[in-house]
Amino acid sequence: MNRSRTRARAAFRGFLAACLLAVTAGACTDERPETLVVLGPWTGDEGEAFEAMLNKLDDGTGATYTYQGTRSLRETLVAQLEADAPPDVAILNSVGELTEYARAGRLKPLTATAAARAYPPWAPPLSVDGTRRTYWVPLKVDLKSLVWSKAGKGDRAADPKWCVALASQATSGWPGTDWVEDILLHRAGPAVYTEWATGRLSWRDPRVRDAWTTWAALLGKRSKASVDQSLTMSYVGTSDPAAKGAGAPRGLLDSMTPRCTHEHQSAFIRYVYARDRVRVDPAAGFLRGRSAHDGAYEVAGDMAAVFSDNPAARTLVERLSGSTARTLWRSEAKKELRPLFPDAADPQPTDPTGRRLAEILTREADTLCFDASDVMAPGMRDAFHRAVLRYFRDPKGARLDELLEQLDAVREDAAPDTATGRLPASGVCAPPG
């Protein structure tokens, strides 16, 4: 028995010695490669393509990545932050939300390499506690200020019969805010648009009011049944019974009764019409704007920001915004879902409509202005959504004055809290690239 104990002690000492000799190589430890959590807005085919790209984005360190996709992004992120369990990286489309998180100390500044890819107007530097830094970078972007119609039926000289659908679950109303924003941009210009988006211009300003009344005039008189249909129908239309995928949307051009001819919608909608011959035109020709502003386009984006103290999260954002990730992402996505990226040198969609949109976005546009409601603080944005729904139901002048007064009260209440962290005027509109 004594000899057995002696042999056991010797074996244990040998094991310890071996561990000491091998510690620098990582032996004798139960450490596993860390897993970084990425929270984002994409589900379905879009989410699968992004996740497939993440799985192939091997940095040689053994780190792995987990993607959590949700349509309730803000609610999910708020819950995680309240539980003190934030994701390492979150991908948001609201500059207003990102600004609030940066001011609250929730975001970590990006690396210099990632910051160099934070092209305006998607990711302007922000002054927090007296220091100017970059806190987010665009991963994919979107071109707005577009009008869609069936090929052969999109003559600008014709009188458009506008498709309008405003339902979008918790964010219902945003297709209407896009209309108001786009009209203001093309009738009043980027400077006025910027002042309004950043809370420096009253909602009761005549130019802002004019954007609302112009929208109502463009849509024309609508029956109660038509109004109810627009308020309850999803912005992607009804399900296509001929599609292979269950519940696949068929777009507003094929969903509304009576049939409409033109749809004001951003570039992402091209996936809905992938099997159709569609025509896409700049919205400027339809909005009764000034020719001096024809080269202005509203844009949106999905930006990555770091919420954890883990340095690897900053490295991941740097890699996600690089050419390798973008090339992988495009290769994993279906043709009609291939992302638009902010630089002309980035890999872009290859389908004809996607190529045309990328050309406008990266080369032809004179000015790109970030979606105004996404620039606004979340409370202001949500009030804007609700006001659009109420105005669409009852577009009378007295109702509009009431709504604009209420929106201005929200703006004034938020002003003391947002002034120090407000985006600079130069951070909303910028030339391409």
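See the structure above.
In this text, all values refer to a predicted model and were calculated from it rather than measured experimentally.

Caption draft 1: Geometry of the sheet that holds strand S10 (residues 278-282). Strands sit in the order S8-S9-S7-S10 across an open sheet of four strands; the sheet is mixed. Where the open sheet ends on each side, the last strands, each with one partner, are strand S8 (162-163) and S10. In terms of strand pairing, strand S7 (residues 146-150) meets strand S9 (residues 262-264) through three bridges, oriented antiparallel. Directly across from serine 149, in S9, lies its bridge partner histidine 262.

Caption draft 2: Spotlight on the side chain of glutamine 80. Secondary-structure assignment places glutamine 80 in helix H3 (residues 73-82). Once residues within four sequence positions are removed from consideration, glutamine 80 is found in contact with Leu39, Gln68, Ala85, Pro86 and Pro87.

Caption draft 3: Expanded view of the pattern of salt bridges. Here the structure, examined in full by the defined rule, presents 29 salt bridges. Across the pair arginine 390 and glutamate 402 runs a salt bridge, and its minimum N-O distance is 3.5 Å. Highlighted residues: arginine 390 in helix H14 (residues 378-393) and glutamate 402 in helix H15 (residues 397-418), separated in sequence by 12 residues. You can call glutamate 402 partly exposed: its relative accessible area is 33%. Measuring nitrogen to oxygen at the nearest pair gives 3.0 Å for the salt bridge that ties lysine 396 to aspartate 394. A relative accessible area of 53% means that lysine 396 is categorised as exposed. The structure contains a network of salt bridges with shared partners spanning Arg74, Glu97, Arg381 and Asp382.

Caption draft 4: Highlighting the pairing of strand S11 (residues 296-306). Most of S11 is tucked away: 11 of the 11 residues are buried. Burial along S11 is two-sided: the face carrying Ala296, Glu298, Ala300, Asp302, Ala304 and Val306 and the face carrying Tyr297, Val299, Gly301, Met303 and Ala305 are both buried. Bridging between strand S6 (residues 136-143) and S11 involves seven bridges; their strand directions are antiparallel. Note that in S11 the partner of proline 138 across the bridge is methionine 303. Across four bridges, the pairing between S11 and strand S12 (residues 367-370) is parallel. Across the sheet, alanine 296 pairs through a bridge with threonine 367, a residue of S12.

Caption draft 5: Region of interest: the nonpolar core. One finds Phe50, Trp136, Trp203 and Trp212 to be the most contacted residues of the largest nonpolar core, which totals 124 residues. If sequence neighbours within four positions are ignored, tryptophan 212 has contacts with Val180, Trp203, Phe384, Ala387, Val388, Tyr391, Leu400, Leu404 and Leu407.

Caption draft 6: Highlighting unusual backbone geometry. In this model, proline 120 is joined to proline 121 through a cis peptide bond whose omega is 5 degrees. With respect to the helices, strands and loops of the structure, proline 121 is situated in the loop between helix H5 (112-115) and strand S4 (126-128). Between threonine 257 and the following residue, proline 258, the backbone shows a cis peptide bond with an omega angle of 0 degrees. By the element assignment, proline 258 lies in the loop between helix H9 (224-232) and S9. With a phi angle near 55 degrees, aspartate 129 is a residue other than glycine that sits in the positive phi range. Note on placement: aspartate 129 falls in the loop between S4 and strand S5 (131-133). Looking at aspartate 129, the relative accessible area reads 77%, which means it is exposed.

Caption draft 7: Main features of the state of the cysteines. Using the criterion set out here, one finds two disulfides in the structure. Note on cysteine connectivity: cysteine 163 is disulfide-linked to cysteine 260, with sulfurs 2.0 Å apart. Judged by the torsion about the S-S bond (100 degrees), the cysteine 163/cysteine 260 disulfide is right-handed. Taken as a pair, cysteine 163 in strand S8 and cysteine 260 in the loop between H9 and S9 lie far apart in primary sequence, 97 residues in all. Just as cysteine 163 is buried, cysteine 260 falls in that class too. Across the disulfide from cysteine 369 sits cysteine 429; the S-S distance is 2.1 Å. Disulfide cysteine 369-cysteine 429: the torsion about the S-S bond is 115 degrees, which places it as right-handed.

The rules behind the values
Residues numbered from 1 in each chain as written. Predicted model: local features only at pLDDT ≥ 70, side-chain atom pairs only at ≥ 80, totals over all residues. Heavy atoms only, no water. Pairing = 2+ DSSP bridges. Helix = DSSP H or I, 4+ residues; strand = E, 2+ residues; numbered from the N terminus. Contact = heavy atoms within 4.5 Å. Salt bridge = Lys/Arg side-chain N within 4 Å of Asp/Glu carboxyl O. Buried < 20%, exposed > 50% of the residue type's maximum accessible area, 1.4 Å probe, protein only. Core = buried A, V, L, I, M, F, W, Y, C linked by side-chain atoms within 4.5 Å. Disulfide = S-S within 2.5 Å.

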